[in-house]
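Here is how the chains run, residue by residue.
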Amino acid sequence: GYATGGGWTPPASFDHHKRPWYQAARAARRPIFTKPYTDARTGRNLITLAAPLIVKGQFKGVMAMDVFITEIIKMVNRLKIGSSGRAFLVDADGLILSHWERQKVLKGTIANSPDGAIFNQFQNHAGKTAPHRAAIYERDDYVVVSRIAAPGWTLFFHLPFSEVNGPLRELTLMMLIALFLGIIVLGIIIFLISHTITRPVLRLAKGAAKISDGDYSVTLPLTSANEIGHVTRCFNEMTAGLRDREFIKSTFGRYVSQDVMQDILNGNIELGGQKVELSILFSHIRGFSSLAEGMDPIDVVKLLNTYFTKMDDAISRAGGSINKYMGDGILALFGAPKKLANPTNSAVISALDKLHAFKEFNNEQGTSLELSIGIHTGEVVVGNIGSEQRTEYTVIGDSVNLTSRIESLSRFYGVSLLVSESAALRLDSSWILKKVDRVRVKGKKRAVALFRPYLLSTLSTSEITAIEGINAIMELYYRGCFSDALALLEQFSQPQTAHLDLIKSRCELFVREPPPLWEGVFTMEVK
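Residues numbered from 1 in each chain as written. Predicted model: local features only at pLDDT ≥ 70, side-chain atom pairs only at ≥ 80, totals over all residues. Heavy atoms only, no water.

## Notes on the overall build of the protein
The helix and strand tally for the protein stands at 15 helices and 18 strands. Within the protein, the proportion of its 527 residues that are buried is 38%. Restricting the contact set of the protein to residue pairs at least 6 apart, pairs at least 24 apart contribute 57%. (Helix = DSSP H or I, 4+ residues; strand = E, 2+ residues; numbered from the N terminus. Buried < 20%, exposed > 50% of the residue type's maximum accessible area, 1.4 Å probe, protein only. Contact = heavy atoms within 4.5 Å.)

Structure below.
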């Protein structure tokens, strides 16, 4: 059904299902941009951005937003360098979307302008390389061409040579004159240099040193209108440009992990992947959906952002990287793209850190939620996967699915962390493993052994003894000695847990009704 349109109530004849933006977004299953058209209601020219809403692989609807061409024009016109620099925007077919000469907007194409040849050259070259790129052409002026990937638009920026080369020639001439005068009146100039040039130059040197150390907040005071003042002004403009570049870089780093971002900035953006062995961590908040039902969506987003920040810190400290957020779930990788000495060790350390941080989160938010974590180590394909227009650094393979299943199984045993046998075998001697179960998850033929790892240095002697007792019970259970396992359970002095209650109920059932061909593996009927 139609949800909202900024207060606009559509007429009875309006059917959004028949709108081109709705049909295109649904068919593409990704955000799309329409061609410019005239809005029937306002009579204004606009472009519609539409994105499909897909939940758990199911199409639920389309969210669309109209952007007036006049707003695009305002935005492009604000792009300015120097006094004569100017910009215009064209779509993939060369239709002019924004121009400093308003009469050309939506009425002309770049093919009829002096920039037509540059547009064709840029398009042909971009088709053979990566889609996100920019280029500089020298004509009667500098022409900077940059692709806006999502809608397939191209931005042109013209900057006259005089804006770039003029100040340099002026500075050179002024320095020659100053040098000539310096030879004539050397004594006076020495005094002037010490007071009017040396100090600003030293400030420039100190500012350059700060920039080389990564501090782009430097802004030098303009103390004169001479050549040093001009250099200072140029220095400040350069610093502002570097600051903007660093802002873009840091903003980009919020959408992908730092390791992935650095890999992309190093030029590794080709489509494809490689087989690697790494550790995969999947976590999920139990009961979050029920909590979110009674909350305002804005408050839900704030709560999730606070949670994700704490979890990101725990994962990053251990050397991992978050691959994606899935609702309240987190998929993290250890061993790619950043290489680790022992990815499994790092993943389990991160999991324990996450559980500690989650307790703090519950205390701060006044909630009593539970976190479940599954870890598996196996071979996957990792790399840039997608289309030429849109790629995603992600991981694919059966190991990812198995990790998700292991995480979901944790609720059956009342534990917050489960690791597979493949992960457990790669942990070093600083860990002790509590045997939890051997199961055949739904949809899989191969059995998987599940463990709960503990850091030995954090356990008391009695806790270690309790874990060894549980392991002895589980060994009897695996071998089919259900009566003996029940006898040990009766003697077990530690508090009963959901895990032990589950094993006890199975043993009681199997004593009454022995399972045929028991292999020490329990087949799960649910995911």
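## Observations concerning the pairing of strand E4 (residues 58-68)
As paired elements, strand E3 (residues 45-55) and E4 share 10 bridges and run antiparallel to each other. When the sheet's bridge partners are listed, Thr-48 is paired in E4 with Asp-66. A loop of 2 residues connects E3 with E4, the two strands running antiparallel in sequence, and Lys-56 in this loop sits at a positive phi of about 55°. (Pairing = 2+ DSSP bridges.)

## Structural notes on helix H13 (residues 461-478)
A rise of 1.5 Å per residue sets the reference length of H13, with its 18 residues, at 26 Å; its end C-alpha atoms lie 26 Å apart and thus fit the reference within 8%. Of the residues making up H13, those classed as buried are Ala-466, Ile-467, Ile-470, Asn-471, Ile-473, Met-474, Leu-476, Tyr-477 and Tyr-478. Looking at the packing, one finds that the buried side of H13 touches strand E16 (431-440), strand E17 (448-455), helix H14 (482-491), helix H15 (498-512) and strand E18 (522-523). Positive phi shows up at Gly-480, right after H13, with a value of about 85°. (Expected span 1.5 Å × (residues − 1).)

## A closer look at the pairing of E3
Both strand E1 (residues 32-33) and E3 contribute to a ladder of 2 bridges, which runs antiparallel. The partner of Phe-33 across the bridge, within E3, is Leu-49. Where strand E2 (residues 37-38) meets E3, 2 bridges bridge the pair, whose relative direction is antiparallel. Residue Thr-38 lies in a different strand from E3, and its bridge partner there is Asn-45. Joining the antiparallel neighbours E2 and E3 is a turn of 6 residues, in which Gly-43 adopts a positive phi near 75°.

## A look at a nonpolar patch on the surface
A contiguous nonpolar surface patch, about 920 Å² in accessible area, is contributed by Leu-173, Ile-177, Leu-179, Phe-180, Leu-181, Ile-183, Ile-184, Val-185 and Ile-188. The leading source of residues in the nonpolar patch is helix H4 (residues 161-184), at 7 residues. Looking at the secondary structure, you find Leu-173 in helix H4. (Patch = residues over 30% accessible without salt bridge, like charges linked within 9 Å, V, L, I, M, F, W, Y side chains within 5 Å. Areas by Shrake-Rupley, 256 points an atom, 1.4 Å probe, with all protein chains shown as cover. Salt bridge = Lys/Arg side-chain N within 4 Å of Asp/Glu carboxyl O.)

## Brief notes about the packing of aromatic side chains
This structure, assessed with the given rule, holds 18 aromatic pairs. Their ring planes at 55° and their centres at 5.1 Å tell us that Phe-482 and Phe-510 sit as a pair that is tilted. With a gap of 28 residues between them, Phe-482 in helix H14 and Phe-510 in helix H15 connect regions that are remote in the sequence. You'll find Phe-482 and Phe-510 in the same group, each marked buried. (Phe/Tyr/Trp six-rings, centres within 6.5 Å; stacked < 30°, edge-to-face > 60°.)

## Some thoughts on the packing of H13 against H14
At a closest axis distance of 7 Å, the pairing of H13 and H14 adopts a crossing angle of 160°. It follows from the interaxial angle that H13 and H14 lie roughly antiparallel. The chirality of how H13 crosses H14 is left-handed. In this structure, H13 uses Ala-472, Ile-473, Leu-476 and Tyr-477 to contact H14, whose residues at the interface are Phe-482, Asp-484, Ala-485, Leu-488 and Leu-489. Per-class residue counts for the contact of H13 with H14 are 8 nonpolar, no polar and 1 charged. (Axes fitted to C-alpha atoms, helices over the stretch in contact; angles between N-to-C directions. Parallel < 35°, antiparallel > 145°, perpendicular 65-115°, else oblique. Left-handed = near helix turned anticlockwise from the far one by under 90°. Nonpolar A, V, L, I, M, F, W, Y, C, P; charged D, E, K, R; others polar.)

## Digging into the sheet that holds strand E8 (residues 141-148)
Sheet architecture is open: 5 strands sit in the order E6-E5-E9-E8-E7, paired in antiparallel fashion. At either margin of the open sheet sits one strand with a lone partner, and together these are strand E6 (96-98) and strand E7 (134-138). Taken over all neighbouring pairs, the strand axes of this sheet differ in orientation by 25° on average, direction set aside. Pairing analysis gives 5 bridges linking strand E5 (residues 86-90) to strand E9 (residues 153-160), with the strands arranged antiparallel. Paired with Arg-86 across the bridge in E9 is His-158. Across the face of the sheet, helix H2 (residues 69-77) comes into contact with E5, E6 and E9 while running at roughly 70° to E6. Sheet strands touched by H4: E7, E8 and E9. Its angle to E9, the strand with the most contacts, is close to 40°.

## A look at the nonpolar core
Within soluble globular proteins, side chains that are nonpolar tend to cluster in buried spots. Membership of the largest hydrophobic core comes to 34 residues, with the highest contact counts inside it found for Tyr-307, Phe-358, Leu-371, Ile-373, Ile-375, Leu-417 and Val-419. Of all the secondary structure elements, the ones that give two or more residues to this core are strand E10 (272-286), helix H9 (297-317), strand E12 (329-334), helix H10 (343-365), strand E13 (370-386), strand E15 (417-420), helix H12 (421-424) and E17. Once residues within four sequence positions are removed from consideration, Tyr-307 is found in contact with Ser-283, Ile-285, Asp-328, Ile-330, Phe-358, Phe-361 and Leu-371. Membership of the second largest hydrophobic core comes to 16 residues, among which are Ile-470, Leu-489, Cys-507 and Phe-510. (Core = buried A, V, L, I, M, F, W, Y, C linked by side-chain atoms within 4.5 Å.)

Function cannot be inferred from these measures alone, as they are strictly geometric.
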